[in-house]
Amino acid sequence: QVQLVESGGGLVQAGGSLTLSCAASISILRFSTMGWYRQAPGKQRELVAVITGGGTTNYVESVKGRFTISRGNAKNTVDLQMSSLKPEDTAVYYCKATRTWYRDAWGQGTLVTVSS
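What counts and what doesn't
- Residue numbers run consecutively from 1 along every chain, following the written order of its sequence.
- It should be noted that, the model being predicted, local features are given only for residues of pLDDT at least 70 and side-chain atom pairs only at 80 or more, the latter also being counted only at that level, while totals for whole chains, interfaces and linings use all residues.
- As a rule here, side-chain values cover all heavy atoms of the structure and leave hydrogens and water aside.
- Aromatic pairs are defined between Phe, Tyr and Trp rings, using the six-membered ring for Trp, whenever the two ring centres lie within 6.5 Å; interplanar angles under 30 degrees are classed as stacked, those over 60 as edge-to-face, and all others as tilted.
- The helix and strand labels rest on DSSP assignments: H or I over at least four residues marks a helix, E over at least two residues marks a strand, and numbering proceeds from the N terminus.
- For the exposure calls, accessible area comes from a 1.4 Å probe over protein chains only, and a residue counts as buried if that area is under 20% of its type's maximum, exposed if over 50%, partly exposed in between.
- Each ring is checked for a lysine NZ or an arginine CZ that lies within 6 Å of its centre and within 35 degrees of its normal; such an atom marks a charge sitting over the ring.
- Strand pairing follows a simple DSSP-based rule, namely that at least 2 bridges must link the two strands.
- Think of each axis as a best-fit line through the C-alpha atoms, taken over the contacting stretch in the case of a helix, with angles from 0 to 180 degrees between the N-to-C directions.
- Among the buried residues, those of types Ala, Val, Leu, Ile, Met, Phe, Trp, Tyr and Cys that are joined through side-chain atoms within 4.5 Å form a nonpolar core.
- In this analysis, two residues are considered to be in contact whenever any of their non-hydrogen atoms come within 4.5 Å of each other.

Student: Sorry if this is basic, but what is going on with the packing of aromatic side chains here?
Tutor: Any pair of aromatic rings gets described here by the distance separating the centres and the angle formed by the planes. If you walk through the whole model with that rule in mind, you get two aromatic pairs. A centroid spacing of 5.0 Å and a plane angle of 65 degrees characterise the contact between Y37 and W106, whose relative ring orientation is edge-to-face. Of this pair, Y37 sits in strand β4 (residues 33-39) while W106 sits in strand β10 (residues 105-106), placing them 69 residues apart in sequence. For Y37, a relative accessible area of 16% translates into the label buried. Grouping aromatic residues by their ring pairs yields a cluster made of Y37, Y94 and W106. Stacked on the ring of W106, the Lys or Arg R45 has its end atom at 4.7 Å from the ring centre. The cationic tip of R99 hangs over the ring face of Y102; the distance from NZ or CZ to the ring centre is 3.7 Å.

Right under this line is the structure:
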């Protein structure tokens, strides 16, 4: 069973930066896509950023130009660099990994709180 472990969340002031990391228990080369999602209190979980095995990225409009997703194939990690953070970025951030024929794997989440 694949395990994903997120880290890097915390409390930051508006305008600040954080980098989240998702460590996989198997080679991330085995995943077709990996992504970061977030869920704010009282809201549905939403896609934040996704990266394919080939390195193609896609972002939700609200984070374009502020967030960057990247893959560390050697370390089996996927990072989310977040800058110019806003209070509305406050949420629990989850990592998800997708591979053909298998159920999606999710991490346990890491909390990001942006104070105004």
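Student: I'm lost on the sheet that holds strand β7 (residues 67-72) in this one. Help?
Tutor: The strand order across the open sheet formed by four strands is β1-β3-β8-β7, and the pairing between neighbours is antiparallel. On the outer flanks of this sheet lie β1 (4-7) and β7, each paired with one strand and no other. Averaged over all neighbouring strand pairs, the angle between strand axes comes to 15 degrees, with direction disregarded. Where strand β3 (residues 18-24) meets strand β8 (residues 77-82), six bridges bridge the pair, whose relative direction is antiparallel. Looking at the pairing, A23 lines up with T77 of β8.

Student: What's the story with the nonpolar core in this structure? I'm lost.
Tutor: The nonpolar side chains of a soluble globular protein tend to be buried with one another. One finds L4, M34, W36, L80, M82 and Y93 to be the most contacted residues of the largest nonpolar core, which totals 31 residues. Going through the elements one at a time, β3, β4, β5 (46-52), β7, β8, β9 (91-98) and β11 (110-115) are the ones with two or more residues in this core. Beyond its immediate stretch of four places on either side in the chain, M34 contacts L4, C22, I28, A49, V50, I51, I69, R71, V78, C95, K96 and A97.

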